[in-house]
Structure formats: C-alpha cells, structure tokens
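Observations on the model geometry
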2 protein chains.
Amino acid sequence: MINLNLENKKGFIYKQIYRAIKQYILNNELKAGEKLPSKRELATQEKVSLNTVSNAYDQLLAEGYIYSVERRGYFVEEIAPFKDTVLSNSDFPEDLKEKDSKLTGWLSLSHNKLDLTDFPYQKWLDHQEIVFKENIDDLQAIPNMQGPLKVRKTIARMLLFNRGVRCEPEQIVLGASTQILLKQLMELFPKESLVGLENPGYPRFNQLFKGMNKKIKSIELDKKGASIKAIKRINPNIIVITPSHQFPTGIIMPVSRRIDILNWALQDEKRYIIEDDYDSEYKYETDNIPSLQSLDNHQSVIYTGTFSKTLLAGIRISYMVLPVELLRKYQETHRDLMCTSNTVELYTLSRFIEQGDYLSYVKKMNYKYDIKRKKIIHMLEKIFKDHIQIKSIPAGLHFIAKIKTHLSYEIFTKRADQLKLELSTLSYFKHEHVKKDLGLSVIIGFAHIDIKDIEEAVMRLYSAVYD
Amino acid sequence: MINLNLENKKGFIYKQIYRAIKQYILNNELKAGEKLPSKRELATQEKVSLNTVSNAYDQLLAEGYIYSVERRGYFVEEIAPFKDTVLSNSDFPEDLKEKDSKLTGWLSLSHNKLDLTDFPYQKWLDHQEIVFKENIDDLQAIPNMQGPLKVRKTIARMLLFNRGVRCEPEQIVLGASTQILLKQLMELFPKESLVGLENPGYPRFNQLFKGMNKKIKSIELDKKGASIKAIKRINPNIIVITPSHQFPTGIIMPVSRRIDILNWALQDEKRYIIEDDYDSEYKYETDNIPSLQSLDNHQSVIYTGTFSKTLLAGIRISYMVLPVELLRKYQETHRDLMCTSNTVELYTLSRFIEQGDYLSYVKKMNYKYDIKRKKIIHMLEKIFKDHIQIKSIPAGLHFIAKIKTHLSYEIFTKRADQLKLELSTLSYFKHEHVKKDLGLSVIIGFAHIDIKDIEEAVMRLYSAVYD
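Summarised in this report is the structure supplied together with it. (Residues numbered from 1 in each chain as written. Chains lettered and ligands numbered in written order. Predicted model: local features only at pLDDT ≥ 70, side-chain atom pairs only at ≥ 80, totals over all residues. Heavy atoms only, no water.)

Attention shifts here to the overall build of chain A. In terms of helices and strands, chain A carries 15 helices and 17 strands. By the compact-globule yardstick of 23 Å for 467 residues, chain A is too spread out, its C-alpha radius of gyration being 31 Å. When its C-alpha atoms are laid out on the principal axes, chain A stretches across 95 × 55 × 45 Å. When burial is assessed residue by residue, chain A has 60% of its 467 residues classed as buried. In chain A, the proportion of contacts linking residues at least 24 apart, taken out of those at least 6 apart, comes to 72%. Summed over all atoms, the accessible surface of chain A reaches about 20500 Å², with 50% contributed by carbon and sulfur. Here chain A carries 68 positive and 60 negative side-chain charges, and the mean point of each set is 3 Å from the other. (Helix = DSSP H or I, 4+ residues; strand = E, 2+ residues; numbered from the N terminus. Rg over C-alpha atoms; globule rule 2.2 N^0.38 Å. Buried < 20%, exposed > 50% of the residue type's maximum accessible area, 1.4 Å probe, protein only. Contact = heavy atoms within 4.5 Å. Areas by Shrake-Rupley, 256 points an atom, 1.4 Å probe, with all protein chains shown as cover. Lys, Arg positive; Asp, Glu negative; His and termini not counted. Charge placed at Lys NZ, Arg CZ, Asp CG, Glu CD.)

Put into structure tokens, the structure is as follows:
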C-alpha cells in the first residue's frame, strides 16, 4: 500500500495526491502494470472525500500516468525511465543575462529615436475603442494575408494624395517591417538575381540580403544619389534606392536621375527598382517631392514605406506596393503566410488616417522637427565655426555633418560614449570601405532631443572631438 | 516667353505655376539650359505676388527640374526624355480585384475562428492608456530584437505558472507569428537538416519548410500522437510536434510517449524537439497538462506558443523559448532583425497578464467554450445517432468527428458551401495521403459559433452529408 504523506490538507488536496502518485511512478516505486488502490480505499485511508481522489486520478489519467480497465480499476502506465535527470537550467550563462538598463544623463542625437511627447494617444485609443466595437467580425477571423482590404484602401488613397503613388489596394501588402516585406519579395526572384545596394546605405538591408545568400553589389553615390554609371556598370537585376532622402547621406535625387534610372529599368522587363521611401513625410522649406513610383509607367518600381518614422518604431506597420506580375507571384508563393501586422492597430491606423488625425499629426511634427533642426544647425555652426561642414538637406529626420579632425571613428565613438552622447557615424553605414575620408562624418538625428538640451548636446559633441 | 495659362487663381497658385513649368520641361518645350524668367518678371506677368513665384521655383529646385546660378537666375535642368510614357495602370486585371465580402447567413464551425464577444476591450484600452503614459521612453526608441525585457519577464513567469516551462526571460523571443519565429529558428540549423513533421499536421508549417527548401519527412500518428517508431525510422534532426493537443486530431500525448521522445533527443545533442503548444490554454474536465518542455532537463526542447487563440488571431504575438546554445546562435545570426510584434500591444499584454486580466479572461472563455463543446457533441449525437463517431478530446477549440458516408471530401465540401456552413475536413491537413479512410473526418471548431446556432449548424452538417 502506498503512503502519500500528505503534509497538510490545506490548498488543493487533490493536487497533493496527484503529485505524490506521479512522483512514485516517475521514481519507479510504483511499477508499470501495478494496480492502484481503488478511489474508495484511498479516500478512506487519507481521510478525504471520494471526489478529491477522483479529481487526482482524472488528472493522472489525462496526462497518461495511469490507465483504467473497466470494472477492474486503475493501473500504472508503462513509462520508460528518463535516461538522465540532471537539472541544468540553474546555471544560465552570465554573459547572456540582460539588465533593465535605465540610462540616466544621456542625450541622444540618434537618427533612430523619435519624439512622442505630442503623440495624440487619446485619439488613437478612441479610434481603437470604435474598432473593437465595429470590426469585431473581422477580428474573430484570420486576417487577409496582405492585411484587411479596408485598411489597404485607406493607404492607397493616402499614398496617392501624399506621395503620388498610383496603385490599386490589391497591390498593397502590409507587414510588420520593410525587412520582412523585402524578404518575402526577394523570394519571388530567381536565386541568382544580383541586387544593387546604395553604399553607404541601410545596413539592415545589406545583412538581410547576405543572410538570404543573395549576390550583392554596391552602388556608389554621386551628388545626385545612386550613381547611374555604377548601376549600368554592375548591371544588377534589382536595385534598392532611397530617392526621397538617401539613407544616410540625405541626398534628394533630382528628377533627371530618377528618369535615368527608370529608363535603365525599362530596357529589360526583369529589372526592378525597389524604392524605399522610409522618411519621406518630413520635408522642410518646400513641399513633399513626389515618389519615384509616381513617374513609373511600366510597373518597374516596388514602392515601400513605413509608419515607423511618423508614428512609432514599435508600431510594426510597413507596406509595399507590388507591380501586377509580382503580385501574382506573391499570391502564389506566399499563400500560406499570415499578415504580420497587428490587425487591431491596422484598423485603428486606418481610422486615424481617414479622420485626418494622421496628416495633422505629421504636419505638427514636421513643424516641431523643423524648429529642432534649425536650432541644432545654428548651434553647430556657432560652436564648431569653420570646423564643421553641414550637409543640411531639408528633409527627413537627420543630416550628416563633417567635422575637421584627425580623430579616428573608433576613438571618437568611445569619447562620445564617455560623455553620454548617443549618435552614429557614417563609418557604420558603409558596406565596403571606399576610401579614407579626412575628418569625421557624423549623423545628426534631430527628432528625439528636447529643444532645451540641444546646446548641451552640441557642446558634448564638441568636447568629444576636441577636448 | 512662357505662357502659364493659369486657369483660375483659386487654391494654391504657386502649385499651378509649379505644375505648368514642370509640364513644359517634361514635354521638352522648355529645353535644358534655357533661362527661366526672373521671379519678378513672372510675378508681374501673371499678376501674382513675388512670394508665390518664389515658392513655385523653390519646389522646382528641390525636385531638380531647375537649377540656379548666383546673380544670373534660374535655368532648366538637363533631363533625359522618358523612353516611353504610356500609362498602363488603368487596366488592372479583373481576376486580381478583391471585393468587400460581407457573407450573410453563414454559420461557422471553423477551427480558426474565435468568439470575441466577451473580450474585455475596455480593460485592454485602459492598460494601453497607461502604457502610452508610462512607457513613452521605450516607445521612442527601437525595441529590443527579442521584444522588451519587461514583457519577456512577464511571459516567463506566466509560462512557468501555467505550463511548467522553465526558462529565463533572456531565452524568450517574441514575434508576430509562430511561422516567423520558426523561420528564424530554422536558419540557425545546417542546411541539410532533416525535419520531421506530424502527418496529419499543421499545413502552414509544411509550406514554410518547403519554401525554405528544407528536407521534410512525415511522422505518422498512433493513438499516443507522434509515433516514436516513425521518429526512430526517419531519423530526423528536428521534429515539430503538438503534444498538448495534436493538430488537427486533438490527441493528448501521454507522459510515456513524451519521455520516449525526450530520450530519443538525448541520444544526440544535435537533435531538437520543437513543441508547438498552440492552444494548450483550453482544457476541459481536468487541469492543464504541463508542457513537454517542463520535463526536459537537457535543453533539447524549443517551446513555442501564441496569443492568437486566447486573445485574437490578429494580435500577432507569439513566442519561442530557445535553449542556451541556440540563443547564442540566434543573437549572432539575427542581430540585425527587429522584433516583429507591435510594442504598444506587447506592453499592454504584459500589464493585462500582470494584473490578472489575462488568466481571468482565459478561464471565462474556457468555461464558455466548454458549454459550447458539450452542446455541440450532444447535438451531433442526437441528430447523427450511430452515423457519427466523435473523438472528443477534452482540450483545445476543435475535435474530429468521423461521419459514415460514401461521399467524397470534394462533394461534401461543395454541399457544405451551398448550405452556408463553414468548416474544414481532415483531408486538407494530410501532407501525403496515407490511406483511403472510409467515411468523412470533419474538424468541428466550436469556439466561434453562437450557442443558439449550434442546432442549426449541426442540421446543415447532416443535410450536407445525407440530403
């Protein structure tokens, strides 16, 4: 007869019984085929109710520790002993441990950080409340793989209005990031396709294509952006470019270069241009510049954009506009994929755009960012005097400044860290080192920093270089 | 002298001037190098303010249609003519057009649809409001690639409490779907790795691995779930299994088979078990059954789960728990990836769990789904009598029923459609056809249907087979 040693009868007694018997079985003290006491016997022995024993036996049955034979009772299952039972989870490696890091005293000129202090989250939540009421039928089902049609209609209208993009809602694919969408896109092209990437350029794309074992070549830049000579020389099948505001240099590609590139693509119907319009919403001094896609009459451009810069990085809503032939391939190849963006947020965004809240927020932020940008340029010129050359292009959320110094990028970065100044340098964004620049090219992101901290941040930058 | 033909001076006149000059240039009526009238001349000619002409010229400059030479004026840029200017966007193919389809009169026994009528969205929104206030610093930056540490801590505690999963928050990777996470995971294994998949099983995984050109073999099922004999025979490197509630058959893997499989993995440290615990939260009659991972002392199990079944399909929050060695590889290989789940929703979920709202919602739904399940089983038995055999496993959100008939799956599906009854059959989930079953195995999802419609749905099912 088993002795359950029920310590105390507080809490769920059936769980104590269940655990005790389970342990006997795992320790091989109750052996395969052995008969358990009947529920009534055990209940009497342990002075508990029949129901309590019943619950314990049911759980053991469900997990497969015991089996029952009609009118004969309960028996122990045949369970192979564990080959090894050493616990190993306790020694989690020290170097993998993460800390909750609240950095204090830092100032950020990172191009990756935004200013959310004016984000109209109350409006956002109001729209979301309506979504939960009005879209419940859609939310109960698996969403359309390209994102809900209603949301794509809104985005198609917005893209036409803001960026001159001409497309049907059917051509839009929504997804959690431009990375994910480009990965899905690249899977539609032949394996051996050669991809041309701007250099310097967006390193996440470089990594992405490398990870996919794609053949990559660098496209140098000239003063008009991606060099047409370089494109013709390397002869890629697909190029990825950022005409509205080249990343990271900020160059706005003039219409002459845009047409050159479109004409290049036209010569072979297997040539495609991926236009990444990542922060085109912000433009100072003049109006927005229409997208490259708006000039394309031959479905050679795949247009991509994101809400990461206008709303928040964590919104995880990006979009790509596929030419018709690629759309067909996409629907064939990826028919088992699910849309990666959160549906509630997609519907909320759709309302946010339709009701005009999006445009008014972008306008407000454009104005605010312009003030920060002017102030930071002013302070840089005031403090650095002729030691700095600012490539101040009136678009986006960052610009490049070239500082006269013999300091290496490595030492500069260390010193900036010591002074608690967060920012990136151009060296990080070069896929291949083209030539040794004289001086330091730093990327000044002006979105995140509080206007009152700008002077201090510029002082730290100066100290990092010259002190 | 150019004639701008400004139709009427309503709206933004500078835009009219801009458009008119741009058109002259694109039509080659203003030629490269040609001098434009001075701002003052044009303002006088068109009877508009100097400022209006200035704005138009600035925009043309920014887009690269014209250039300025100091003290000489504005000139037309050299722009290659478009090689072709045929508009082609108008003829979007008919077969790709999507319709807003509101299906009326349908009843759904789909295993993919949930019941959201009791979703406490007001609480969800309240938590989200606090997130916007308290987590603004985190929301302004790029989120951690595995998801915010705070959220992973919450999920680690929850998994330990609900599923017995033993892990550090550092081992958790959050992402928009199990598909995406498994794709990232598979990229850590050698190319030639052989993957064993349950058959019948989850077709999206089959498609996913095929799309990645992975070698796949089917693991048959026996009454304990994934067959250990089959596993030993095909000798895979990685197996994907659903021990809590096999998809789609619903089999709960007993502890004896779990230990057999763990012992199999132990024999070679390159063997891994992916445990997909997709709908383990729902359990009727007995308690939850601890995960397979909870029995694993050797870091052979990769545990994955999702909030798609307990919250909503569009939430796009899934997680995987990586053994230490794979975690290292993950951080190396994917260091440029961004977390694909929406950060605001992640923080909201974290609060929702911490405050107990998640567990109380799951419990409430477990109770509700149990009532639906019992009612539907009762109705099936009442209407089909001995023409049906129900494999009623007390877990998850669906079960399989086998109906006596000579009808083919194809004809049955057509007839169900005609009767506006949405449901899936087992035939869809078999990767390879093993043998011809007699009768129809249909998958009865009981989550979505309104309790008052259950009788009608069962009647339609009966009609689809026998009328």
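Here we come to the pairing of strand S4 (residues 172–175) of chain A. Residue and element names in this part refer to chain A. Here S4 shows a buried face lined by Ile172 and Leu174 and a second buried face lined by Val173 and Gly175. Here S4 pairs with strand S12 (residues 318–321) via four bridges, running antiparallel. Bridged to Ile172 within S12 is Val321. (Pairing = 2+ DSSP bridges.)

With that settled, the discussion passes to the environment of Arg72 of chain B. Mapped onto the fold, Arg72 of chain B is located in the loop between strand S1 (66–69) and strand S2 (73–76). Separated by 34 residues in the primary sequence, Arg72 of chain B and Ser38 of chain B have C-alpha atoms spaced 9.2 Å apart.

A word on unusual backbone geometry. In this chain, Asn199 of chain A is followed by Pro200 of chain A through a cis amide linkage whose omega measures 0°. With respect to the helices and strands, Pro200 of chain A occurs in the loop between strand S5 (194–198) and helix H8 (203–211). Positive phi, close to 50°, is recorded for Asn235 of chain A, a residue that is not glycine. Mapped onto the elements, Asn235 of chain A comes out in the loop between helix H9 (228–234) and strand S9 (238–241). On the basis of relative accessibility, which here comes to 43%, the residue Asn235 of chain A falls in the partly exposed class. A positive phi angle, near 55°, is found at Lys420 of chain B, a position not held by glycine. If you trace the backbone, Lys420 of chain B turns up in the loop between helix H14 (409–418) and strand S14 (421–422).

At the interface, 116 residues of chain B touch 115 residues of chain A. Between chain B and chain A lies a buried interface of about 9800 Å² when both sides are counted; carbon and sulfur atoms form 54% of it. Remark: the boundary between chain B and chain A carries eight salt bridges. A salt bridge links Asp95 of chain A to Arg328 of chain B; its shortest N-O distance comes to 2.6 Å. With eight residues, helix H4 (residues 121–134) of chain B is the single largest residue contributor to the side of chain B that touches chain A. (Buried area = accessible area lost by both parts, 1.4 Å probe. Salt bridge = Lys/Arg side-chain N within 4 Å of Asp/Glu carboxyl O.)

All names here are of chain B. An order of S4-S11-S10-S9-S8-S5-S6-S7 is seen for the eight strands of this open sheet, with the pairing classed as mixed. The sheet terminates laterally at strand S4 (172–175) and strand S7 (225–226), the two strands that pair on one side only. Bridge count for strand S5 (residues 194–199) against strand S6 (residues 215–222) is six bridges, and the pairing is parallel. Counterpart to Gly196 in the pairing with S6 is Lys217. Each of S6, S7, strand S8 (238–241), strand S9 (272–276) and strand S10 (301–306) touches helix H10 (residues 255–266); the most contacted strand, S9, lies at about 145° to it. (Axes fitted to C-alpha atoms, helices over the stretch in contact; angles between N-to-C directions.)

What follows concerns the relation of the copies chain B and chain A. The transformation that overlays chain B on chain A combines an axial shift of 0.0 Å with a rotation of 180°, and the residual RMSD is 0.1 Å. Classification of the inter-copy transformation places it as that of a two-fold axis. Mapped onto chain A, 99% of the interface residues of chain B are again interface residues, and the two copies thus contact each other with one and the same surface. (Least-squares fit on C-alpha atoms with pLDDT ≥ 70 in both.)

All names here are of chain A. The mixed open sheet is built from seven strands, whose spatial order is S4-S12-S11-S10-S9-S5-S6. Here the strands that pair on one side only, and so sit at the sheet edges, are S4 and strand S6 (215–219). Within this sheet the neighbouring strands show an average axis-to-axis angle of 20°, counted without direction.

With that out of the way, let us pick up the pairing of strand S14 (residues 398–403) of chain A. All names here are of chain A. In terms of burial, S14 is a largely internal element, five of the six residues being buried. In this structure, strand S13 (residues 388–391) lies alongside S14, joined through four bridges in antiparallel fashion. Note that in S14 the partner of Ile390 across the bridge is Ala401. In sequence, S13 turns back onto S14 through a hairpin of six residues, with Gly396 there showing a positive phi of about 70°.

Right, let's talk about the packing of H14 of chain B against helix H15 (residues 454–466) of chain B for a bit. Residue and element names in this part refer to chain B. Where H14 contacts H15, the axes come no closer than 9 Å and their chain directions differ by 135°. Looking at the two axes, H14 sits oblique to H15. In terms of crossing hand, the pair formed by H14 and H15 is right-handed. Side by side, H14 and H15 meet where Phe412, Arg415 and Ala416 of the first sit next to Leu461, Ser463, Ala464, Val465 and Tyr466 of the second. Taken together, the residues of the contact of H14 with H15 break down into six nonpolar, one polar and one charged. (Parallel < 35°, antiparallel > 145°, perpendicular 65-115°, else oblique. Left-handed = near helix turned anticlockwise from the far one by under 90°. Nonpolar A, V, L, I, M, F, W, Y, C, P; charged D, E, K, R; others polar.)

With that settled, the discussion passes to the packing of aromatic side chains. For the structure on display, the rule yields 48 aromatic pairs over all chains. Consider the rings of Phe12 of chain A and Tyr14 of chain A, whose centres lie 5.9 Å apart with planes at 70°: the pair is edge-to-face. Of the residues examined, Phe12 of chain A reaches a relative accessible area of 58% and is grouped as exposed. Under the relative-accessibility criterion, Tyr14 of chain A is labelled buried at 15%. Ring centres 5.4 Å apart and planes at 90° place the aromatic pair Tyr202 of chain B and Phe247 of chain B in the edge-to-face group. Taken together, the positions of Tyr202 of chain B in the loop between S5 and helix H8 (203–211) and Phe247 of chain B in the loop between S8 and H10 put the pair 45 residues apart, joining distant regions of the chain. These aromatic residues form a ring-pair network of at least three members: Phe119, Tyr121, Trp124, Phe352 and Tyr361 of chain A together with Phe132 of chain B. (Phe/Tyr/Trp six-rings, centres within 6.5 Å; stacked < 30°, edge-to-face > 60°.)

Here we come to the packing of helix H7 (residues 178–186) of chain A against H8 of chain A. Residues and elements named next belong to chain A. As a packed pair, H7 and H8 sit with axes 11 Å apart at the nearest point and diverge in direction by 35°. Crossing angle aside, the handedness with which H7 passes H8 is right-handed. Only Arg204, Phe205, Leu208 and Phe209 of H8 make contact with H7, whose side of the interface consists of Thr178, Gln179, Leu182, Lys183 and Met186. Class assignment for the residues of the contact of H7 with H8 results in five nonpolar, two polar and two charged.

Enumeration over the complete set of coordinates arrives at 40 salt bridges over all chains. Between Arg373 of chain A and Asp370 of chain A there is a salt bridge, with its nearest N and O atoms 3.3 Å apart. Remark: Asp370 of chain A and Arg373 of chain A occur in helix H13 (residues 357–384); sequence separation between them is three residues, near one turn of the helix. Note on accessibility: Arg373 of chain A and Asp370 of chain A belong to one class, buried. One salt bridge in this structure joins Glu220 of chain B and Arg233 of chain B, with 2.9 Å as the shortest N-O distance. On the criterion of sequence distance, the pair formed by Glu220 of chain B in strand S6 and Arg233 of chain B in helix H9 (residues 228–234) is long-range, its members being 13 residues apart. Looking at Glu220 of chain B, the relative accessible area reads 34%, which means it is partly exposed. One salt-bridge network, in which partners are shared between bridges, spans Asp115, Asp118, Lys368 and Lys372 of chain A.

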